[in-house]
Amino acid sequence: MVSRALDDKIEVWRDAAGRSDDILDEMTGKLVPPSVDEALVWDGLGAVLPLGRPAITAPMDGAVARVPPSSDYQAVIPVGAPELKPDDVLRVAGSVRRGGPRDPQLVGRRFRVSDASVGTYSVVRIVRVQVID
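In short, a report on the structure. (Residues numbered from 1 in each chain as written. Predicted model: local features only at pLDDT ≥ 70, side-chain atom pairs only at ≥ 80, totals over all residues. Heavy atoms only, no water.)

General note: in soluble globular proteins, nonpolar side chains tend to be found buried as a group. Core analysis: the largest hydrophobic core is formed by 17 residues, its most contacted members being I10, V48, L90, F111 and V129. For this core, the elements supplying multiple residues, two or more each, are β1 (8-14), β4 (39-50), β5 (73-78), β6 (89-95), β7 (110-120) and β8 (124-131). Setting aside anything within four residues of it in sequence, one finds I10 in contact with W42, D43, G44, G46, A47, V48, L90, R91 and V92. Counting five residues, the second largest nonpolar core, distinct from the first, contains L6, A47, V76 and V124. (Core = buried A, V, L, I, M, F, W, Y, C linked by side-chain atoms within 4.5 Å. Buried < 20%, exposed > 50% of the residue type's maximum accessible area, 1.4 Å probe, protein only. Helix = DSSP H or I, 4+ residues; strand = E, 2+ residues; numbered from the N terminus. Contact = heavy atoms within 4.5 Å.)

In this sheet, β4 lies alongside β1 in antiparallel orientation, the contact comprising seven bridges. When the sheet's bridge partners are listed, I10 is paired in β4 with G44. When β4 meets β5, the two strands line up antiparallel, connected through four bridges. Its bridge partner being in β5, P50 is matched across the sheet by Y73. (Pairing = 2+ DSSP bridges.)

If you walk through the whole model with that rule in mind, you get one cavity of 30 Å³ or more. Of the voids in this model, the largest cavity is the one considered here, and its volume is about 40 Å³. In this structure, the largest cavity is lined by D8, V48, V92, P101, R102, D103, L106 and V107. (1 Å grid on protein atoms, 1.4 Å probe; cavity = no way out; pocket = protein on both sides within 12 Å on 5 of 7 lines; lining within 4 Å. Points joined across faces, edges and corners; volume = space filled by probe spheres on them.)

On to the side chain of D8. For D8, the position within the fold is in strand β1. Of note is the side chain of D8, whose polar atom sits 3.0 Å from the backbone nitrogen of V48. Contact partners of D8, with chain neighbours within four places excluded, come to G44, L45, G46, A47, V48, V92, G94, S95 and R102. (Polar contact = N/O pair within 3.5 Å; in protein donor to acceptor, adjacent residues only side chain to side chain.)

Following this line, the structure appears as structure tokens:
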């Protein structure tokens, strides 16, 4: 049943060297990433969904999730996918949903992983993501 909900084609990209391989642009004084700076870490089926609005409660000691959430979206990926890290880039490459994507505006959008481990269940892992403009 869960696999039917994972109907977005997802790509996960990672800048393995981080900013250490960026080059200083002497005209602007800013660090500029090299032209090919990210590597594809994983691609497969997942889902990018709006974050539900839970009731406001006081945080519990030792809670894993941040309060308040730092994003309006969450990504659901299979547990077999590699573990995502903060700042990984997730791209919605398409949809296999019959009748078209759940949200056509998400296709082609990129998201930055903000909270890499919101929850892990027997078949899926949930991560929070932020839209990259």
